[in-house]
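Reading the structure
Here is what each chain is made of, one letter per residue.
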Amino acid sequence: MQQHPLVAILTRLGMFVLVMIALSIMIFILARVVPGDPARMALGPAANQEQVEALRQQMGLDRPLPVQYLDYAGKALSGDLGMSLVSQRPVTTDLAQTVPATVELVLVSVIFMFAVAIPLGVVTAHYRNRTFDYVGRFLSLTGVTIPSFLFAITMQLVAARYLTDWPIIGRLDHGLAWQGGPTGFLLVDGTLAGRFDVVLNALKHLALPAFALSMAGIGQITRITRSSMLENQRKDHVLTLKSFGVPERVIIFRYLLKLSSIAPLTIMGLEFASLIGNAFVIEMIFAWGGFASYGLTSILQKDLNAVTAVVLVAGLFFIIANLIVDVVISIIDPRLRRKEER
Amino acid sequence: MADMKMLDASDRGLSSGYMMWYRFSRNPAAVIGSLILLSIVILAVFAPWLTPYPKHVGAVVDFRARHLPPDASHWFGTDKAGRDIFSRTVFGLRVSLLLVIGVLGISVPVGTVLGLIAGYFGGWVEKLITGLTNVMLAMPPLVMALAVSNLLEPTLINAMIAITLLWWTWHARLIYSVSKSIAAEDYIEAARLAGAGPIHILFREILPNCMAVISVKTTLDAAFVILFGATLSFLGFGVKPPTPDLGSMVADGRQFMPDFWWEVLCPGAMVFYVTLGFNLLGDGLRDMFDVEN
Amino acid sequence: MDEPLLSVDKLNVSFATYGRSRQVLRDVSFEVAAGERVALIGETGSGKSVTAKAIIGTLPNNAAISSGTIRFAGQDILALSKPDREALKGTAFSLIMQDPLSSFNPVFKIGTHLDDVMRFADKRNGISSSKAERRTRIAAVLRRVQLADGERVMDAYPSELSGGMRQRVLIGLALLHQPKLLIADEPGTALDVTTQDEILNLINTLVSQENMALLMITHNLGVVRKVADRVVVMHHGDIVETGACADILSNPKAAYTQALLEAVPPLYGPRVITLPQSDRAPIVTIRGLNKIYGKRPGFHAIRDVDLTLREGEIFGLAGESGSGKTSVARIIMELSRATSGTVAIDAPAPGRGRRLTQIVYQNPGTSLNPKRTVKQTLSLPLTSIGMGSDAREARMTELLDLVRLPQSYLAKYPHELSGGQKQRVAIARALAAEPKILILDEPTAALDVSVQKTVIELLVQLRQDLGLTYLMISHDLSLMRNFCSRIAVMLRGEIVEEGATPEVFADPKHPYTRALIAAIPVVTDAEEQLKPVVTEEERTRFLVKTTA
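About the criteria used
Residues numbered from 1 in each chain as written. Chains lettered and ligands numbered in written order. Predicted model: local features only at pLDDT ≥ 70, side-chain atom pairs only at ≥ 80, totals over all residues. Heavy atoms only, no water. Pairing = 2+ DSSP bridges. Helix = DSSP H or I, 4+ residues; strand = E, 2+ residues; numbered from the N terminus. Axes fitted to C-alpha atoms, helices over the stretch in contact; angles between N-to-C directions. Core = buried A, V, L, I, M, F, W, Y, C linked by side-chain atoms within 4.5 Å. Buried < 20%, exposed > 50% of the residue type's maximum accessible area, 1.4 Å probe, protein only. Domains from an automatic or database assignment. Contact = heavy atoms within 4.5 Å. Buried area = accessible area lost by both parts, 1.4 Å probe. Polar contact = N/O pair within 3.5 Å; in protein donor to acceptor, adjacent residues only side chain to side chain. Nonpolar A, V, L, I, M, F, W, Y, C, P; charged D, E, K, R; others polar. Phe/Tyr/Trp six-rings, centres within 6.5 Å; stacked < 30°, edge-to-face > 60°. Lys NZ or Arg CZ within 6 Å of the ring centre and 35° of its normal. Salt bridge = Lys/Arg side-chain N within 4 Å of Asp/Glu carboxyl O. Parallel < 35°, antiparallel > 145°, perpendicular 65-115°, else oblique. Left-handed = near helix turned anticlockwise from the far one by under 90°. pLDDT = per-residue confidence, 0-100. Patch = residues over 30% accessible without salt bridge, like charges linked within 9 Å, V, L, I, M, F, W, Y side chains within 5 Å. Areas by Shrake-Rupley, 256 points an atom, 1.4 Å probe, with all protein chains shown as cover. Lys, Arg positive; Asp, Glu negative; His and termini not counted. Expected span 1.5 Å × (residues − 1).

**Some remarks on the sheet that holds strand 11 (residues 282-293) of chain C**
Residue and element names in this part refer to chain C.
- Strand order across the open sheet formed by three strands is 12-11-14, with antiparallel pairing between neighbours. Of all the strands in the sheet, just strand 12 (299-310) and strand 14 (340-345) have a single pairing partner and so form its edges. The sheet shows a mean angle of 15° between the axes of neighbouring strands, direction not considered.

Okay, here's the thing in structure tokens:
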């Protein structure tokens, strides 16, 4: 009954493909059926009926919905997500320009999130019901209770008043001569090109939005880490090590930390959805010009091809993030590896 | 006889009501959280009588009183139309609470029932429901809510529909895992052997054992829904002006930052106050019921 | 001997729960001399584990030592500073943990646990050691607990070893640094009888080889006889009796000890109860039963089982975990379907909502819904057979009388009941709709021995009064000797022996049956003498391997 690990991974990938297909069908139906006539919307109220009909035919809207979907899916697979009605360019071109900015912001936030939250969770659990714990818990509580837009606005304001040189909008100063690089990630491209002024400048721009974006996650992950640590502290195996005199710091930072990182990682995977959602707000406030800003504009303009693509890409982010989380957890937990083999 | 002696020697002599009350009273988070929520409910319900300027909820304009900083008569200052921000935030609470009741009132029962069914019956029903929740979870809630409510029409009702459409999945997912583990307990099989039908088992045997988890999750979710609603209205997908709404008040005040800071911070602080109340109570309940994550 | 190795003097410990302080140890005093084997025996709530925890220093946070001293080699360890006390762990005394699965962190290899324990004990003793050198030393210790393939064990994760192997590793953990005192908390209790027997033998061998003292915490009087020179009997936080093992077991002074000994079902001798054989018609006939779980090749849980239960008898199906005994019962109850073979129950078809068979589960803690009162639990089967509310009330009164619980218990929730009381409610529920056959799935395994006695007496009475047929599933052969009229022994899905209980015990034919009986810890030397003899070759052929 042994199953090759590769089979397990392929099965999981298959699951994700199914989720993507189901997601695309849902958003397709939503975008085509709910809002009424996309052709009318594209042309505006001034156009006459014939013009609308012509565009309907051109867009293929007169054909049955399943056919439209298959047509869309086929084109999407070959990298054609249709034209954006607003920018009048292929949606894929728009995405290629905006996605790296968002990915860079999100990745930096996630790294920051873990760097702050895991130690904070461990330490608050260790100092349970002491001053440090109360302070840490209050901080993590504010992280999850303050709306991220309020946090972002306030930080922007404080920076504008007290750190007058600090950039509060955009990804890079306009003054910098920078043509862009192959990946679209400023930190990577800047390093590759040896332009450390660009890297530094980009980091300065990243700091505030990344901090604002990670606040909610920091709160959440600190709390989960803390309660997971406390829960595992009650387990028998802690008693085993304690009764043989293994020092507490080793039990905490070696044994408990690894075991207790499973819960926050799982939560991180799920939280990714709300992280992307918050990116919409943060990008708007900091004029980030990423994929989330693009999404917000296209939703406001009812740019259907763009909206569909944005939802699909957001779903893809979520799925990839969870795939990574799954792999990491199965590396941590041997019981999961064994379960898969069965 | 040994049985009877053991009874005296343990905690069994204590009633469950006493144990709950003891845990509650020893739990500062739960106590403070409940007090905050109590104050909010009172403010929201009796807003017309408790606020100094209930008329300022409407399209009142008083240019002489524009952008007044907080003072004794305007605790939170006034906005660009000279309206009392305190009165408006209190009325804004009503919108937030309605949103919570609307969203959770539908999504919690729906998610609970689907989760119970998936966990107890297993088989293709389980595959179908978990598959559906997996797809729904892959959609970033805020993006979906924005898309749906804008494609329909950006109103509070539509936002509520959009949030509800997504929110049930989180409950279904949680209740599914709880009910699946409860369904494997001996007492469920014993109930089946005693002739109980599926309805009895789902709602009389399994559901009562899920109530602790449901109450914790619902309380914490109330805070998320409020944040979510505030974010939506901050982005312009909320109630129609002039009805006050905490998120859109922050958005309105943003253009007057930093000079008239109270126009952003006061409604923002109110959002914080409400979500803090729900979070404290939720955390406290979690400790009281000893619910794992 | 001038100074005892361990001396506990007037120890008082209390727990604070729900704002109330509850004393769990009252003036507990006893001594363990160097090289001596002492057993601390008691039932649930006796305070035996608390005593062990107080000695090791792992009491929970809500516990407080209000007075008393614990001296180890003359040194008051409660007065020691924290690091000094830490230094004693693993070197002066060592603990053998009880539950072998949860005693290891699931995401670390066995070897990591062992290495860390050795590394820090070395450090405290001022020894510097390299990882490779420690690995060799650990492998040597593992060999002493009969785990020859130490490398494989060290590289395994806890979930990859069997329960018996993990228990051996836990013993090895305690031996890493030549402690003078070994404290064992119910070792092997969670394991099969035969494995538990091997573990006890191993501990005995090690204790005598290394000349260590042993403090054995247990609830089992048979275990006491096997491993102890002296016994300390505890009851509700008090020490009721102390004395040499042979004296206590043959001539107990305290009434509690007498009752405790009385409650242990004997394996051989005059106290054994022999039930008459039933000569009535067969009620359950099983022919050619097979059960295969999963797809090809699948797990063959039951192989060609033939069984006949006669009306009115108590039939015992014995076997260790994984023997397939529970699968047979589930098929009889129609809770699972046989892969092949037939089960015929010869009784008139029951009415609406009724069943011919009902079950009493092993663990009363999980077989009653914690959120439902006794009344709600009992009224469910009555409602399904269509009883009106007056009839239900009457029948519930009757049922509580049957299982000898006061009527006021109808309003109670399971957490307000003790284990024995819960099991009585579970029996009442099973009897509510008047089944013909009652399946007893280890009905007393989770109960203390004195409670077990009362529950068994109740079951015997009920069978007489109601004319029921019982199928008892159990691994506890001494209990089955006194409770079952016929018995069958299962091994890896097959029935290897079947017959009238007295005959099977007097002259077990199959070596596995002999091994099972021989492994039971008994209370008297007379019983030990009467046990069947098992050769080493038979042992290795039929018992689960717990060595590596």
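Once the structure has been displayed, the description carries forward.
**Let's talk about the nonpolar core**
- Counting residues in each nonpolar core, the largest one holds 276 residues, and the members touching the most others are Phe272 and Phe280 of chain A, Ile206 of chain B together with Leu6, Phe30, Leu181 and Leu215 of chain C.
- In terms of residue count, helix 10 (residues 198-234) of chain B provides more of this core than any other element does, 18 residues in total.
- Val425, Ile427, Leu479 and Val504 of chain C belong to the second-largest nonpolar core, a separate cluster that totals 59 residues.

**Brief notes about the domain arrangement of chain C**
Residue and element names in this part refer to chain C.
- When its domains are assigned, chain C resolves into domain 1 (6-263) and domain 2 (266-347 + 484-543).
- Taken over C-alpha atoms, the centre of domain 1 sits 34 Å from the centre of domain 2.
- In this complex, domain 1 contributes 13 residues to the contact, which on the side of domain 2 involves 15 residues.
- Taken together, both faces of the contact between domain 1 and domain 2 bury some 1,200 Å²; the carbon and sulfur share is 50%.
- Remark: the boundary between domain 1 and domain 2 carries six residue pairs in polar contact (both at pLDDT 80 or more).
- Secondary structure elements with two or more residues in the side of domain 1 that touches domain 2: helix 7 (193-210), helix 8 (221-227) and helix 10 (255-263).
- Residue classes in the side of domain 1 that touches domain 2 are distributed as five nonpolar, three polar and five charged.

**Regarding the packing of aromatic side chains**
- All chains considered together, the criterion is met by 19 aromatic pairs over all chains.
- Centroid distance Phe256 of chain B to Phe260 of chain B: 6.3 Å. Interplanar angle 50°. Geometry classified as tilted.
- Classification of Phe260 of chain B as partly exposed rests on a relative accessible area of 25%.
- Judged by centre distance (5.7 Å) and plane angle (55°), the ring pair of Phe260 of chain B and Trp262 of chain B falls under tilted.
- These aromatic residues form a ring-pair network of at least three members: Phe256, Phe260, Trp261 and Trp262 of chain B.
- Positioned above the aromatic ring of Phe108 of chain C is the side chain of Lys258 of chain A, whose terminal nitrogen or guanidinium carbon lies 4.8 Å from the ring centre.
- One Lys or Arg, Lys412 of chain C, reaches over the ring of Tyr409 of chain C and ends 5.2 Å from the middle of that ring.

**Notes on the interface of chain A and chain C**
- Tallying the contact residues gives 26 residues for chain A and 31 residues for chain C.
- Summed over both partners, the interface of chain A with chain C comes to about 2,600 Å²; 65% of that surface belongs to carbon and sulfur atoms.
- Taken as a group, Ser243, Phe244 and Tyr255 of chain A account for 28% of the area that chain A buries against chain C, more than any other trio of residues on that side.
- Counting every contact that joins chain A to chain C gives two salt bridges.
- Close ionic contact of Glu248 of chain A with Lys82 of chain C constitutes a salt bridge, the shortest N to O distance being 3.9 Å.

**Examining the packing of helix 6 (residues 163-175) of chain C against helix 7 of chain C**
Residues and elements named next belong to chain C.
- Look at helix 6 against helix 7: their axes get within 10 Å of each other, and the N-to-C directions meet at 15°. Accordingly, the angle class assigned to the pair helix 6 and helix 7 is roughly parallel. By crossing handedness, the relation of helix 6 to helix 7 is classed as right-handed. Residues Gly164, Gln167, Arg168, Ile171 and Leu175 of helix 6 form the contact with helix 7, whose participating residues are Thr195, Glu198, Ile199, Leu202, Ile203 and Leu206.
- Here the residues of the contact of helix 6 with helix 7 sort into six nonpolar, three polar and two charged.

**Details of the interface of chain A and chain B**
- Tallying the contact residues gives 52 residues for chain A and 50 residues for chain B.
- Note on chain A versus chain B: buried area summed over both sides is about 4,300 Å², and carbon and sulfur give 76% of it.
- Three residues stand out in chain A for area buried against chain B, namely Thr145, Phe149 and Ile299 of chain A, and they jointly supply 13% of the buried area on that side.
- Seen at the junction of chain A and chain B, the total is one salt bridge.
- When the shortest N-O distance is used, the salt bridge between Asp283 of chain B and Arg223 of chain A registers 2.8 Å.

**Considerations on the confidence of the model for chain A**
- For chain A, per-residue confidence averages 84 on the pLDDT scale, and 94% of positions sit at 70 or higher.
- The secondary-structure element of chain A with the lowest mean pLDDT is helix 15 (residues 334-341) of chain A, recorded at 60, while helix 5 (residues 91-126) of chain A shows the highest, at 92.

**Section: the pairing of strand 13 (residues 314-318) of chain C**
All names here are of chain C.
- For strand 13, the buried fraction is high: five of the five residues fall into the buried class.
- Of the two faces of strand 13, the one holding Ile314, Gly316 and Ala318 and the one holding Phe315 and Leu317 are both buried throughout.
- Pairing of strand 13 with strand 17 (residues 469-474), which is carried by five bridges, proceeds in the parallel orientation. Within strand 17, the position partnered with Leu317 by the bridge is Ile473.
- Bridge count for strand 13 against strand 18 (residues 486-491) is four bridges, and the pairing is parallel.

**A look at a nonpolar patch on the surface**
Residues and elements named next belong to chain B.
- A grouping of Leu35, Leu38, Val41, Ile42, Val45, Phe46, Trp49 and Leu50 is seen on the molecular surface, where their side chains present a nonpolar patch of about 820 Å² in accessible area.
- Residue contributions to the nonpolar patch peak at five residues, all from helix 3 (residues 28-45).
- Tracing the backbone through its elements, the reader meets Ile42 in helix 3.
- On the basis of relative accessibility, which here comes to 40%, the residue Ile42 falls in the partly exposed class.

**Considerations on the side chain of Glu263 of chain B**
Residue and element names in this part refer to chain B.
- Its location among the elements puts Glu263 in helix 12 (residues 262-289).
- Here Glu263 occupies a buried position and makes no salt bridge, while the nearest side chain of opposite charge, Lys80, is found at 7.5 Å.
- What Glu263 contacts, discounting residues up to four positions off in sequence, is His67, Thr78, Asp79, Lys80, Ile85, Met249, Val250, Gly253 and Phe256.

**Concerning the pattern of salt bridges**
All names here are of chain C.
- If you walk through the whole model with that rule in mind, you get 43 salt bridges over all chains.
- The shortest N-O distance in the salt bridge between Arg134 and Asp115 comes to 2.6 Å. Of the two residues, Arg134 sits in helix 4 (residues 131-144) while Asp115 sits in helix 3 (residues 110-124), which places them 19 residues apart along the sequence.
- Classification of Arg134 by relative accessible area gives buried; the value is 6%.
- Under the relative-accessibility criterion, Asp115 is labelled buried at 10%.
- Between Asp525 and Arg225 there is a salt bridge whose closest N-O contact spans 2.6 Å. With Asp525 in helix 20 (residues 525-530) and Arg225 in helix 8, the pair connects residues that are 300 residues apart, well separated along the chain.

**Overview of helix 7 of chain C**
Residues and elements named next belong to chain C.
- Taking 1.5 Å per residue, 18 residues should reach 26 Å; helix 7 reaches 26 Å between its end C-alpha atoms and fits that length.
- Among the 18 residues of helix 7, 13 are classified as buried, and the element is accordingly described as predominantly covered.
- Just past helix 7, the residue Asn211 takes up positive phi, approximately 55°.

**Side note on unusual backbone geometry**
Residue and element names in this part refer to chain C.
- The phi torsion at Gln178 lies on the positive side, around 45°, for a residue other than glycine.
- Structurally, Gln178 is set in the loop between helix 6 and strand 7 (181-185).
- Phi at Asn211 is positive, roughly 55°, even though this residue is not glycine.
- Relative to the helices and strands, Asn211 is located in the loop between helix 7 and strand 8 (213-218).
- According to the relative accessible area criterion, Asn211 is exposed, its value standing at 60%.

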